[in-house]
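Reading the structure
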Amino acid sequence: MATLLALLPLTLTAYAALEIAPDAIATIEREYGAPAVRRIERWQRMMEFASDFKEDEKLKMVNDFFNSVKFVEDSKNWGVDDYWATPIEFLAKNGGDCEDFSIAKYFTLIAIGVPEARLRMTYVTAVGVNRSHMVLTYFSSPRAMPLVLDNLNPRILPASEREDLVPVYSFNGSGLWLAKSIGSGREIAGSNRLGAWRGLQARMHSMLFSE
(Lines give C-alpha, C1' and ligand atoms only; values in the text may rest on other atoms or scores of the structure.)
Protein backbone atom coordinates (compact mmCIF):
# COMPACT_ATOMS: atom_id res chain seq x y z
CA MET A 1 0.00 0.00 0.00
CA ALA A 2 1.29 3.47 -0.82
CA THR A 3 2.83 5.60 1.90
CA LEU A 4 1.21 8.78 3.09
CA LEU A 5 3.85 10.78 1.22
CA ALA A 6 2.45 9.37 -2.01
CA LEU A 7 -1.14 9.99 -0.93
CA LEU A 8 -0.98 13.56 0.30
CA PRO A 9 0.60 15.77 -2.41
CA LEU A 10 -2.65 16.39 -4.28
CA THR A 11 -4.08 18.74 -1.67
CA LEU A 12 -7.60 20.03 -1.56
CA THR A 13 -6.54 23.51 -2.63
CA ALA A 14 -6.78 22.10 -6.15
CA TYR A 15 -10.51 21.67 -5.55
CA ALA A 16 -11.16 25.01 -3.86
CA ALA A 17 -14.11 26.02 -6.02
CA LEU A 18 -15.82 22.61 -5.87
CA GLU A 19 -17.54 23.30 -9.18
CA ILE A 20 -18.98 20.00 -10.35
CA ALA A 21 -18.49 19.05 -13.98
CA PRO A 22 -21.74 18.99 -16.03
CA ASP A 23 -21.20 15.37 -17.04
CA ALA A 24 -20.85 14.46 -13.36
CA ILE A 25 -24.18 16.14 -12.58
CA ALA A 26 -25.81 14.12 -15.35
CA THR A 27 -24.30 10.93 -13.94
CA ILE A 28 -25.54 11.76 -10.43
CA GLU A 29 -29.08 12.34 -11.68
CA ARG A 30 -29.01 9.11 -13.67
CA GLU A 31 -27.66 7.00 -10.80
CA TYR A 32 -29.28 8.64 -7.76
CA GLY A 33 -32.22 10.65 -9.11
CA ALA A 34 -33.29 14.29 -9.15
CA PRO A 35 -33.46 14.63 -5.32
CA ALA A 36 -29.72 13.92 -5.16
CA VAL A 37 -29.03 16.75 -7.60
CA ARG A 38 -31.19 19.09 -5.50
CA ARG A 39 -29.23 18.20 -2.35
CA ILE A 40 -25.98 18.98 -4.13
CA GLU A 41 -27.40 22.26 -5.42
CA ARG A 42 -28.38 23.21 -1.84
CA TRP A 43 -24.81 22.45 -0.78
CA GLN A 44 -23.44 24.73 -3.48
CA ARG A 45 -25.85 27.53 -2.52
CA MET A 46 -24.85 27.14 1.12
CA MET A 47 -21.17 27.48 0.18
CA GLU A 48 -21.87 30.61 -1.83
CA PHE A 49 -23.84 32.11 1.07
CA ALA A 50 -21.32 31.12 3.77
CA SER A 51 -18.19 32.30 1.98
CA ASP A 52 -18.50 35.91 3.26
CA PHE A 53 -18.95 35.06 6.94
CA LYS A 54 -16.36 34.91 9.72
CA GLU A 55 -14.61 31.59 10.30
CA ASP A 56 -16.52 30.67 13.45
CA GLU A 57 -19.79 31.25 11.60
CA LYS A 58 -18.57 29.18 8.65
CA LEU A 59 -17.79 26.31 11.02
CA LYS A 60 -21.31 26.36 12.44
CA MET A 61 -23.05 26.60 9.08
CA VAL A 62 -21.07 23.74 7.57
CA ASN A 63 -21.33 21.58 10.67
CA ASP A 64 -25.10 22.08 10.88
CA PHE A 65 -25.60 21.48 7.15
CA PHE A 66 -23.88 18.10 7.09
CA ASN A 67 -25.10 16.92 10.49
CA SER A 68 -28.61 16.93 9.01
CA VAL A 69 -27.56 14.02 6.76
CA LYS A 70 -28.34 10.50 7.98
CA PHE A 71 -25.71 8.24 9.52
CA VAL A 72 -25.40 5.03 7.48
CA GLU A 73 -22.73 2.34 7.87
CA ASP A 74 -20.51 1.68 4.83
CA SER A 75 -21.61 -1.95 4.70
CA LYS A 76 -25.20 -0.87 4.11
CA ASN A 77 -24.42 2.17 1.98
CA TRP A 78 -21.68 0.75 -0.27
CA GLY A 79 -21.57 -2.99 0.40
CA VAL A 80 -18.00 -2.83 1.78
CA ASP A 81 -16.54 -2.51 5.26
CA ASP A 82 -14.76 0.80 4.65
CA TYR A 83 -15.37 3.41 1.94
CA TRP A 84 -14.41 7.08 2.04
CA ALA A 85 -17.09 8.95 0.11
CA THR A 86 -16.59 12.30 -1.53
CA PRO A 87 -18.96 15.07 -0.38
CA ILE A 88 -20.79 14.61 -3.68
CA GLU A 89 -21.28 10.87 -3.10
CA PHE A 90 -22.25 11.52 0.52
CA LEU A 91 -25.00 13.93 -0.51
CA ALA A 92 -26.07 11.84 -3.49
CA LYS A 93 -26.60 8.85 -1.16
CA ASN A 94 -28.06 11.13 1.54
CA GLY A 95 -26.13 9.19 4.16
CA GLY A 96 -22.71 8.12 5.33
CA ASP A 97 -20.51 7.22 8.28
CA CYS A 98 -18.21 9.32 10.46
CA GLU A 99 -15.42 9.55 7.86
CA ASP A 100 -17.89 10.85 5.29
CA PHE A 101 -19.17 13.58 7.63
CA SER A 102 -15.62 14.71 8.44
CA ILE A 103 -14.40 14.64 4.84
CA ALA A 104 -17.43 16.59 3.60
CA LYS A 105 -16.92 19.28 6.23
CA TYR A 106 -13.20 19.43 5.43
CA PHE A 107 -13.65 19.90 1.68
CA THR A 108 -16.43 22.41 2.17
CA LEU A 109 -14.65 24.61 4.69
CA ILE A 110 -11.60 24.82 2.44
CA ALA A 111 -13.87 25.73 -0.49
CA ILE A 112 -15.34 28.68 1.45
CA GLY A 113 -12.00 30.08 2.52
CA VAL A 114 -10.83 28.31 5.69
CA PRO A 115 -7.10 27.57 5.33
CA GLU A 116 -6.33 23.87 5.01
CA ALA A 117 -3.58 24.22 7.62
CA ARG A 118 -6.24 24.94 10.27
CA LEU A 119 -8.12 21.70 9.63
CA ARG A 120 -7.32 18.09 10.49
CA MET A 121 -9.35 14.95 10.17
CA THR A 122 -8.80 13.24 13.50
CA TYR A 123 -9.21 9.57 14.32
CA VAL A 124 -10.32 9.01 17.90
CA THR A 125 -11.72 6.30 20.11
CA ALA A 126 -15.25 7.19 21.15
CA VAL A 127 -15.19 6.12 24.78
CA GLY A 128 -18.95 5.76 25.24
CA VAL A 129 -19.28 3.18 22.47
CA ASN A 130 -15.66 1.92 22.56
CA ARG A 131 -15.14 2.17 18.82
CA SER A 132 -13.03 4.06 16.30
CA HIS A 133 -14.50 7.33 15.16
CA MET A 134 -13.47 10.31 13.02
CA VAL A 135 -14.08 13.99 13.72
CA LEU A 136 -12.90 17.19 12.09
CA THR A 137 -10.76 19.49 14.22
CA TYR A 138 -10.17 23.20 13.64
CA PHE A 139 -7.13 25.12 14.94
CA SER A 140 -7.49 28.92 15.00
CA SER A 141 -3.69 29.02 15.43
CA PRO A 142 -1.01 26.28 15.50
CA ARG A 143 -0.93 26.12 19.31
CA ALA A 144 -4.62 26.76 19.96
CA MET A 145 -6.92 24.24 21.58
CA PRO A 146 -8.83 22.85 18.59
CA LEU A 147 -12.57 22.88 18.14
CA VAL A 148 -14.25 19.56 17.37
CA LEU A 149 -16.84 19.18 14.59
CA ASP A 150 -18.59 15.87 15.17
CA ASN A 151 -21.66 14.10 13.83
CA LEU A 152 -22.27 12.44 17.24
CA ASN A 153 -22.47 15.76 19.09
CA PRO A 154 -23.98 18.72 17.21
CA ARG A 155 -22.24 21.30 19.41
CA ILE A 156 -18.84 22.60 18.31
CA LEU A 157 -16.78 22.30 21.48
CA PRO A 158 -13.11 22.72 22.41
CA ALA A 159 -11.27 19.40 22.49
CA SER A 160 -10.68 19.92 26.22
CA GLU A 161 -14.45 19.54 26.73
CA ARG A 162 -14.67 16.29 24.75
CA GLU A 163 -13.46 13.83 27.35
CA ASP A 164 -15.46 11.16 25.54
CA LEU A 165 -12.91 11.20 22.68
CA VAL A 166 -9.41 9.74 22.91
CA PRO A 167 -7.27 10.83 19.93
CA VAL A 168 -5.18 8.40 17.90
CA TYR A 169 -3.88 10.35 14.91
CA SER A 170 -4.88 13.23 12.67
CA PHE A 171 -4.12 14.29 9.12
CA ASN A 172 -4.84 16.75 6.37
CA GLY A 173 -3.62 17.11 2.80
CA SER A 174 -0.18 18.14 4.00
CA GLY A 175 0.76 15.86 6.88
CA LEU A 176 0.03 13.20 9.47
CA TRP A 177 0.28 13.54 13.24
CA LEU A 178 0.29 10.90 15.95
CA ALA A 179 -1.53 12.34 18.94
CA LYS A 180 -1.30 12.06 22.67
CA SER A 181 -4.14 14.56 22.98
CA ILE A 182 -6.47 16.11 20.45
CA GLY A 183 -4.65 19.42 20.75
CA SER A 184 -1.11 18.22 20.11
CA GLY A 185 0.83 15.54 18.35
CA ARG A 186 4.06 14.45 16.69
CA GLU A 187 4.21 14.82 12.94
CA ILE A 188 5.45 11.69 11.16
CA ALA A 189 6.71 11.16 7.63
CA GLY A 190 4.50 8.41 6.33
CA SER A 191 1.92 5.73 7.02
CA ASN A 192 0.32 2.82 5.24
CA ARG A 193 -3.02 3.41 6.98
CA LEU A 194 -4.53 6.00 4.64
CA GLY A 195 -4.81 4.24 1.30
CA ALA A 196 -8.45 5.33 1.01
CA TRP A 197 -7.22 8.91 0.54
CA ARG A 198 -5.92 8.25 -2.98
CA GLY A 199 -9.24 6.77 -4.15
CA LEU A 200 -11.10 9.72 -2.65
CA GLN A 201 -8.86 12.19 -4.48
CA ALA A 202 -9.25 10.38 -7.79
CA ARG A 203 -13.05 10.39 -7.54
CA MET A 204 -13.10 14.06 -6.56
CA HIS A 205 -10.97 14.90 -9.58
CA SER A 206 -13.26 13.04 -11.97
CA MET A 207 -16.35 14.72 -10.57
CA LEU A 208 -14.95 18.26 -10.59
CA PHE A 209 -13.06 18.32 -13.87
CA SER A 210 -14.50 17.40 -17.24
CA GLU A 211 -12.37 15.14 -19.39
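The present account deals with the structure reproduced in this document. Since the structure is predicted, the reported quantities are computational estimates derived from the model, not experimental observations.

**A word on the pattern of salt bridges**
Within the structure shown, the criterion is met by 6 salt bridges. Arg 131 is paired through a salt bridge with Glu 73; the nearest N and O atoms lie 3.5 Å apart. Highlighted residues: Arg 131 in strand S4 (residues 131–138) and Glu 73 in the loop between strand S1 (70–71) and helix H5 (74–77), separated in sequence by 58 residues. Judged by relative accessible area, Glu 73 falls into the partly exposed class, the value being 32%. Glu 89 serves as the salt-bridge partner of Arg 203, at 3.1 Å between the closest nitrogen and oxygen. Taken together, the residues span a long stretch of sequence, with Arg 203 in helix H8 (residues 196–208) and Glu 89 in helix H6 (residues 87–93) at a distance of 114 residues.

**Quick look at the environment of Ala 104**
Note on placement: Ala 104 falls in helix H7 (residues 98–111). Along the backbone, Ala 104 and Glu 89 are 15 residues apart, and their C-alpha atoms lie at a distance of 9.6 Å.

**Quick notes on the nonpolar core**
Generally speaking, a soluble globular protein has its nonpolar side chains buried in company with each other. The biggest cluster of nonpolar side chains holds 48 residues, and the ones touching the most others in it are Trp 43, Leu 109 and Phe 171. The next biggest cluster of nonpolar side chains, apart from the first, holds 6 residues, and it includes Ala 126, Val 148, Ala 159 and Leu 165.

**With respect to H7**
Within an α-helix, residues lying three or four positions from one another point in the same direction, as the helix has 3.6 residues per turn. Taking 1.5 Å of rise per residue, the 14 residues of H7 would be expected to cover 20 Å, and the 20 Å separating its terminal C-alpha atoms lies within 8% of that figure. Of all 14 residues in H7, 13 are buried; the element is thus mostly enclosed. Two residues or fewer past H7, Gly 113 is found with a positive phi of approximately 105°.

**Considerations on the layout of surface pockets**
Empty space among the atoms can be located by rolling a probe the size of a water molecule over them. Considered as a void within the structure, the largest pocket measures approximately 230 Å³ in volume. Forming the walls of the largest pocket are 15 residues, and the residues nearest its centre are Phe 71, Glu 73, Cys 98, Arg 131 and Ser 132. Among the elements of the structure, H7, strand S3 (119–126) and S4 are those that each provide at least two residues to the lining of the largest pocket. With 3 residues, S4 is the largest single contributor of residues to the lining of the largest pocket. Among the residues forming the lining of the largest pocket, the class breakdown is 6 nonpolar, 2 polar and 7 charged. The computed volume of the second largest pocket comes to approximately 150 Å³. Asp 23, Ala 24, Thr 27, Ile 28, Glu 31, Tyr 32, Ile 88, Glu 89, Ala 92, Ser 206 and Met 207 together form the lining of the second largest pocket. It is helix H2 (residues 22–32) that provides the largest number of residues to the lining of the second largest pocket, a total of 6 residues. Across the lining of the second largest pocket, the residue classes tally to 6 nonpolar, 2 polar and 3 charged.

Reading the values: the criteria
- Residues numbered from 1 in each chain as written.
- Predicted model: local features only at pLDDT ≥ 70, side-chain atom pairs only at ≥ 80, totals over all residues.
- Heavy atoms only, no water.
- Salt bridge = Lys/Arg side-chain N within 4 Å of Asp/Glu carboxyl O.
- Helix = DSSP H or I, 4+ residues; strand = E, 2+ residues; numbered from the N terminus.
- Buried < 20%, exposed > 50% of the residue type's maximum accessible area, 1.4 Å probe, protein only.
- Core = buried A, V, L, I, M, F, W, Y, C linked by side-chain atoms within 4.5 Å.
- Expected span 1.5 Å × (residues − 1).
- 1 Å grid on protein atoms, 1.4 Å probe; cavity = no way out; pocket = protein on both sides within 12 Å on 5 of 7 lines; lining within 4 Å.
- Points joined across faces, edges and corners; volume = space filled by probe spheres on them.
- Nonpolar A, V, L, I, M, F, W, Y, C, P; charged D, E, K, R; others polar.

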